[in-house]
Amino acid sequence: ESVKPSNFLRQIIEADLAQGTHADNRWAGSPGDAAHQGAGALDPARIRTRFPPEPNGYLHVGHAKSICLNFGLARDYGGVCHLRFDDTNPEKEEQEYVDGIIDAVHWLGFDWKDPDGHENLYYASNYFDFMYRAAEYLIEAGHAYVDEQTAEEMRVSRGDFSKPGVDSPYRGRTPAENLARFREMRDGKLADGAAVLRARIDMAHPNINLRDPAIYRIKRAEHHNTGDKWCIYPMYTFAHPIEDALECITHSICTLEFEDQRPFYDWLLDRLAEGGLIAKPHPRQYEFARLNLTYVVTSKRKLKHLVDNGIVSGWDDPRMPTIVGLRRRGYTPASIQMFCERIGVTKDYSWIDYSTLEGCLREDLETKAHRAMVVLDPLKLELTNWAEVFGGGDHLEPCSLPALPHAQEGAAVPERRFTLGREVWIEREDFAELPPKGYKRLFPGNKVRLKGGYVIECTGCEKNAAGQVTKVLATVVPDTKSGTPGADSVKVKAAITWVGVADGVQAEVRLYDRLFTDAQPDAGGKDFLALLNPDSLKVVTAYVEPSLAAARPEDKFQFERFGYFVADRKEHAPGQPVFNRVTGLKDSWAK
Ligand code: ATP
Ligand code: MG
Ligand code: MG
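What you see is a predicted model; the values in this text were computed from it and never measured.

Caption draft 1: Structural context of the overall build of the chain. Each helix and strand counted, the chain has 13 helices and 25 strands in total. The C-alpha radius of gyration of the chain comes to 31 Å, more than 25% above the 25 Å expected for a compact globule of 591 residues. In terms of overall dimensions, the chain has a C-alpha envelope of 105 × 50 × 40 Å along the principal axes. Scored against the burial criterion, the 591 residues of the chain give a buried share of 40%. Summarising the internal contacts of the chain: among those between residues at least 6 apart in sequence, 70% fall at separations of at least 24.

Caption draft 2: The site of ligand 1, seen in detail. The immediate surroundings of ligand 1 are formed by 14 residues, with Pro53, Gly62, Ser66, Arg290 and Lys300 found nearest. Within the residue set of the shell around ligand 1, elements represented by two or more residues are helix H2 (61–76) and strand E8 (251–255). At four residues, H2 tops the list of elements feeding residues into the shell around ligand 1. Of the residues in the shell around ligand 1, the class split is four nonpolar, six polar and four charged. There are two domains that each give the shell around ligand 1 at least three residues, and those are domain 1 (8–128 + 236–290) and domain 3 (291–373 + 503–591).

Caption draft 3: Quick look at the confidence of the model for the chain. For the chain, the mean per-residue pLDDT works out to 92, and 95% of the residues sit at or above 70. Below pLDDT 50 for its whole length, residues 27–41 participates in 29 contacts with residues either more than four positions away or in separate chains.

Caption draft 4: Here's a closer look at the domain arrangement of the chain. In terms of domains, the chain is made up of domain 1 (8–128 + 236–290), domain 2 (139–234), domain 3 (291–373 + 503–591) and domain 4 (379–496). Summarising the inter-unit geometry, the C-alpha centres of domain 2 and domain 3 are found 46 Å apart.

Caption draft 5: Representation of the packing of helix H11 (residues 333–343) against helix H12 (residues 354–365) in the model. H12 packs onto H11 with a crossing angle of 130° between their chain directions and a minimal axis gap of 8 Å. Classified by the angle their axes make, H11 and H12 are oblique. For the pair H11 and H12, the crossing hand works out as right-handed. Facing Ala334, Ser335, Met338, Phe339, Arg342 and Ile343 of H11, the residues of H12 in contact are Thr356, Leu357, Cys360, Leu361, Glu363 and Asp364. For the contact of H11 with H12, the per-class residue count stands at seven nonpolar, two polar and three charged.

Caption draft 6: Expanded view of the nonpolar core. Counting residues in each nonpolar core, the largest one holds 100 residues, and the members touching the most others are Val374, Val375, Ile426, Val472, Trp498 and Val499. A total of eight residues in this core trace back to one element, the largest contributor, which is H2. Residues Tyr123, Ala134, Ala144 and Val146 belong to the second largest nonpolar core, which totals 39 residues.

Caption draft 7: Spotlight on the pairing of strand E15 (residues 423–427). For E15, a buried count of four out of five residues is recorded, marking the element as mostly surrounded by other parts of the structure. Bridging between E15 and strand E20 (residues 498–500) involves three bridges; their strand directions are antiparallel. Paired with valine 424 across the strands is glycine 500, a residue of E20.

Caption draft 8: Structural detail: the pairing of strand E5 (residues 196–199). Taking every second residue as pointing to the same face, both faces of E5 are buried, with Val196 and Arg198 on one and Leu197 and Ala199 on the other. Note that strand E4 (residues 144–147) and E5 share four bridges and pair antiparallel. Across the sheet, the residue bridging to valine 146 is leucine 197, located in E5. Inspection of the sheet shows E5 paired to strand E6 (residues 214–218) by three bridges, in the antiparallel sense. Paired with arginine 198 across the strands is alanine 214, a residue of E6.

Caption draft 9: Quick peek at the sheet that holds E4. Pairing in this open sheet of four strands is antiparallel, and the strands run E4-E5-E6-E7 from one edge to the other. Single-partner strands in this sheet number two, and they are E4 and strand E7 (232–234). Adjacent strand axes in the sheet meet at a mean angle of 20°, parallel and antiparallel pairs treated alike.

Caption draft 10: Just the sheet that holds strand E3 (residues 121–123), in detail. Strand order across the open sheet formed by three strands is E1-E2-E3, with parallel pairing between neighbours. Edge positions in the sheet fall to strand E1 (48–51) and E3, since each of these pairs with one other strand and no more. On average, each strand axis in the sheet is inclined to that of its neighbour by 35°, with strand direction left out of account.

Caption draft 11: Molecular detail of the packing of H2 against H11. For the pair H2 and H11, the least separation of the axes is 9 Å and the interaxial angle reads 80°. As summarised for this structure, H2 and H11 are arranged roughly perpendicular, according to the angle between their axes. From H2, Ala64, Lys65, Cys68 and Leu69 reach across to H11, where they touch Ile336, Gln337 and Cys340. For the contact of H2 with H11, a count of residues per class yields five nonpolar, one polar and one charged.

Rules behind the numbers
- Residues numbered from 1 in each chain as written.
- Chains lettered and ligands numbered in written order.
- Predicted model: local features only at pLDDT ≥ 70, side-chain atom pairs only at ≥ 80, totals over all residues.
- Helix = DSSP H or I, 4+ residues; strand = E, 2+ residues; numbered from the N terminus.
- Rg over C-alpha atoms; globule rule 2.2 N^0.38 Å.
- Buried ≥ 20, exposed ≤ 12 C-beta atoms within 10 Å, placed from the backbone.
- Contact = placed C-beta atoms within 7 Å.
- Near = placed C-beta within 6 Å.
- Nonpolar A, V, L, I, M, F, W, Y, C, P; charged D, E, K, R; others polar.
- Domains from an automatic or database assignment.
- pLDDT = per-residue confidence, 0-100.
- Axes fitted to C-alpha atoms, helices over the stretch in contact; angles between N-to-C directions.
- Parallel < 35°, antiparallel > 145°, perpendicular 65-115°, else oblique.
- Left-handed = near helix turned anticlockwise from the far one by under 90°.
- Core = buried A, V, L, I, M, F, W, Y, C linked by C-beta atoms within 7 Å.
- Pairing = 2+ DSSP bridges.

Below you can see the structure in the form of structure tokens.
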């Protein structure tokens, strides 16, 4: 049915929908929590996925892959994707990050509403009471025990790939003893780290994750949602399957690192179902390869280091691979969605070249972004015969060019208007007093067209004491204006971009480049801080055509010959234009 290229997840979902695998999936738990009551009214024909970020930082491009995947599958198969804050770790989580994540998912174009309008936005911490009850159930059923070995003793006794583990001396405690001890943990009678609750599975299991994993720990820390209600917190591996089950998730999609955890995921849900705490069928976990993108780091911890140490201006610095950074850089939701579709979903570990992302942006903006001329490295040019030809030195000749040369068939082509006068700004590199071989632009005796204006002939230049060119001199060739019958009367080999001195607008232009000089700054134990690109930001004072004076923050343009630019989301203002370079016109990264 789907016109999108298939992948292993789509095949699984299509088979499940055809077989009605999840048809009996009903929310059966009773955590007494209003937050997820909406999941109680499930349509059996629906799939439910979830995106479960930990609110300990801003989302990055890797998360975008997971978002597009989970929300995209739900959208394509008429299901629902939940946004769930995996906030079981009390220490690093903040409201600022919660808000940032909500914004990012919305901005990317997704939401978490049921067809009936119910908002599927959940907090794992709202299930703490249920999780606690699940832990007591496991204890009562003989599936969990309180271990008071030191962390080091537990590490050693767990064994490794070559040898089985050794039972803890606490493993034989009775359920009653364990229950009493666990309640003491909960009631703050034990110090942080003095004991953990462990699942009682198999200390000789070939999968080390099943050698009695810890499921609850003692941690005196204020939680952003539950405050100081708890001094014990569930471990991620215990919490996550419960969260999925309570929300009736059908397909729990995660990255490959969690493959070894899947047996515990299934073990736990089976035990809780035996105890009548959750209903069947259970959510199923599926793993895919995480996104590795060249020239960026995507660990939240490392990104936070860049922010905290002032290496970038913030989480939304346009060089950051965060979603807020990509947004401020000028990336569009459509380009990021296109990128995530294009890279696909597999179980194979691979690197995606950054140029793939840039290519998607170009493809999205090619037919949408208005064209404009800009001079990034301005040099003044004077048309010395202007007064003579136009009857006055102050004469301004109206010019125009299409704003969207490739506008859709039948659509009106918007125009940009600007004027040509006696003085114009040109790019410094468009003049050469002594032209190198094959140079077609301005040099004494040569003619070029001022794009959208007239043909001009270079006559010479002025220089300062240091020998630097301060002004180019030229004459305008009458009756050669673009779009008039005489336009082709004089043949030229080049048309150069320019901005009028009279109506050009001064603007700050931020020329961003990759933040790292190494394609894999985060791989193989490399010190990513030693690989920072010292030239990742160059700020120039440029002149832009007058139409850009009306640009609003986040408006995107193609600056002719230079690439795609965006009016800065934060610092662009009327009278104070600031533009960021998103990407060049061609693939500049595959140098
Ligand atoms: P980081 O290690 O960068 O902090 P994380 O995996 O700890 O990332 P979470 O907030 O737990 O961050 O991630 C939320 C979801 O995003 C998880 O399901 C995770 O698998 C997914 N995710 C994180 N990084 C990537 C990536 N590079 N590619 C694809 N999915 C990712
Ligand atoms: Mg995580
Ligand atoms: Mg992490």
